[in-house]
Amino acid sequence: MQRHLIWLTAALIALAAIPSLKAEVIFTANLTNDQETPHLVVPTTATGAPRPASFGEATFVLADDMLSLTMEVTIFNIDVTGTQTPDTFDNLVNAHIHAPAPVEATAGVVWGFFGTPDNDNNPDDLVVTPFSTGVGGTFFSVWNALEGNASTTLTAQIPNLLAGLAYINFHTVQYGAGEIRGQILQVPEPETLALLLIGLAGLGFSRRKRTFN
Ligand SMILES: [Ca+2]
Ligand SMILES: [Ca+2]
Ligand SMILES: [Ca+2]
């Protein structure tokens, strides 16, 4: 009985500590051709010859004050300068975050950061680093609280982000509606996992106790 109280006390202490430990929220997205809607994205050159499948990976960090979303994306086999390959079909035209839309659905632009619309402007944080060899590059930027397309803002879109209803989309010459897309999904918070482990450990203890007493 006393050990139960110890577990209960430990769990309560962990619960009480959560607000002070509360950190940023992390999201990831894997960008692929087949997440585009409709699924007709087959990259080719302007003459119809095949080109390598394009793809990418993204990480987003929502600051604990919820005033900024930092973004790092790496994309492969999309020409980010227009000079990485002689063919034009793989040239990057625009890149945006869209919402609200679940997987398979589409939605309007809520934050454009490359090409048009350009909503990364208060301040403009975009740093594009093309690969020194190969085709593609990395994109770093920050979606600030008051930035957004058509009068939306990061603040207004946080509920959609937390609900998994936002996606990132890169648009090329060949695929103006989008060549690679990835749904932006929250990574489980370490605090939630820690609490779960404490709960499971407590459950394991109480089961043993019942067995042996
Ligand atoms: Ca090119
Ligand atoms: Ca910005
Ligand atoms: Ca900008």
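Caption draft 1: Spotlight on the overall build of the protein chain. From N to C terminus, the protein chain includes 3 helices and 10 strands. Its helices and strands in sequence order give the protein chain the pattern α-β-β-β-β-β-β-β-α-β-β-β-α, from N to C terminus. In the protein chain, which comprises 213 residues, the share counted as buried stands at 29%. Taking the intrachain contacts of the protein chain between residues at least 6 apart in sequence as the baseline, contacts between residues at least 24 apart amount to 62%.

Caption draft 2: Structural context of the nonpolar core. Within the largest apolar cluster, 32 residues are counted, with the highest numbers of intra-cluster contacts made by L31, L69, I78, I168, F170 and I184. If you list the elements that add at least two residues to this core, you get β1 (25-31), β2 (55-62), β3 (68-76), β4 (92-98), β5 (109-114), β7 (136-144), α2 (154-162) and β8 (167-172).

Caption draft 3: Spatial organisation of the environment of F60. Position of F60 relative to the elements: it lies in strand β2. Accessibility expressed as a C-beta count within 10 Å gives 24 for F60, which makes it buried. Distance from F60 to E24, taken between C-alpha atoms, is 9.9 Å for residues 36 residues apart in sequence. Setting aside its immediate chain neighbours within four residues, F60 contacts F27, L69, T70, M71 and I184.

Caption draft 4: Summary view of the sheet that holds strand β9 (residues 180-183). An order of β5-β4-β8-β9 is seen for the 4 strands of this open sheet, with the pairing classed as antiparallel. In this open sheet, the two edge strands, each paired with only one partner strand, are β5 and β9. Here the strands of the sheet are splayed against their neighbours by 20 degrees on average, with no regard to which way each runs. The pairing of β4 with β8 spans 6 bridges and is classified as antiparallel. By the bridge assignment for β8, N94 is matched with H171.

Caption draft 5: Region of interest: the sheet that holds β2. Spatial ordering of the open sheet is given by β6-β7-β3-β2-β1-β10, a layout of 6 strands whose pairing is antiparallel. Bordering the open sheet on either side are β6 (127-130) and β10 (185-186), each of which pairs with just one other strand.

Caption draft 6: Main features of the pairing of β6. Where β6 lies against β7, 4 bridges are found, and the strand directions are antiparallel. Bridge assignment links P130 to a residue of β7, and that residue is G137. Linking β6 back to β7 in an antiparallel pair, the connection comprises 5 residues, with G134 at a positive phi of about 90 degrees.

Caption draft 7: Representation of unusual backbone geometry within the structure. The peptide bond linking A99 to P100 adopts the cis configuration, its omega dihedral lying at -5 degrees. By the secondary structure assignment, P100 is in the loop between β4 and β5. Omega for the bond connecting N122 with P123 falls within 30 degrees of zero, at 5 degrees, which places this linkage in the cis form. Summarising the element assignment, P123 is placed in the loop between β5 and β6.

Caption draft 8: Expanded view of α2. All buried positions along α2 are accounted for by L154, Q157 and L161. Around the axis of α2, the buried residues are gathered within 65 degrees of arc, so they sit on the same side. Summarising the contacts, the buried residues of α2 are in contact with β1, β3, β5 and β7.

Caption draft 9: Summary view of the pairing of β8. Of all 6 residues making up β8, 6 are buried, and the element is well covered by its neighbours. The side-chain alternation of β8 yields two buried faces, one formed by Y167, N169 and H171 and the other by I168, F170 and T172. When β8 meets β9, the two strands line up antiparallel, connected through 4 bridges. From the neighbouring strand, N169 faces β9, where its bridge partner is R181.

Caption draft 10: Focus on the environment of M66. Residue position: M66 is located in the loop between β2 and β3. By the C-beta count within 10 Å, which is 13 here, M66 ends up partly exposed. C-alpha of M66 to C-alpha of V25: the two residues are 41 residues apart in sequence and 8.9 Å apart in space.

Rules used throughout
Residues numbered from 1 in each chain as written. Chains lettered and ligands numbered in written order. Predicted model: local features only at pLDDT ≥ 70, side-chain atom pairs only at ≥ 80, totals over all residues. Helix = DSSP H or I, 4+ residues; strand = E, 2+ residues; numbered from the N terminus. Buried ≥ 20, exposed ≤ 12 C-beta atoms within 10 Å, placed from the backbone. Contact = placed C-beta atoms within 7 Å. Core = buried A, V, L, I, M, F, W, Y, C linked by C-beta atoms within 7 Å. Pairing = 2+ DSSP bridges. Axes fitted to C-alpha atoms, helices over the stretch in contact; angles between N-to-C directions. Arc of directions from axis to C-beta.

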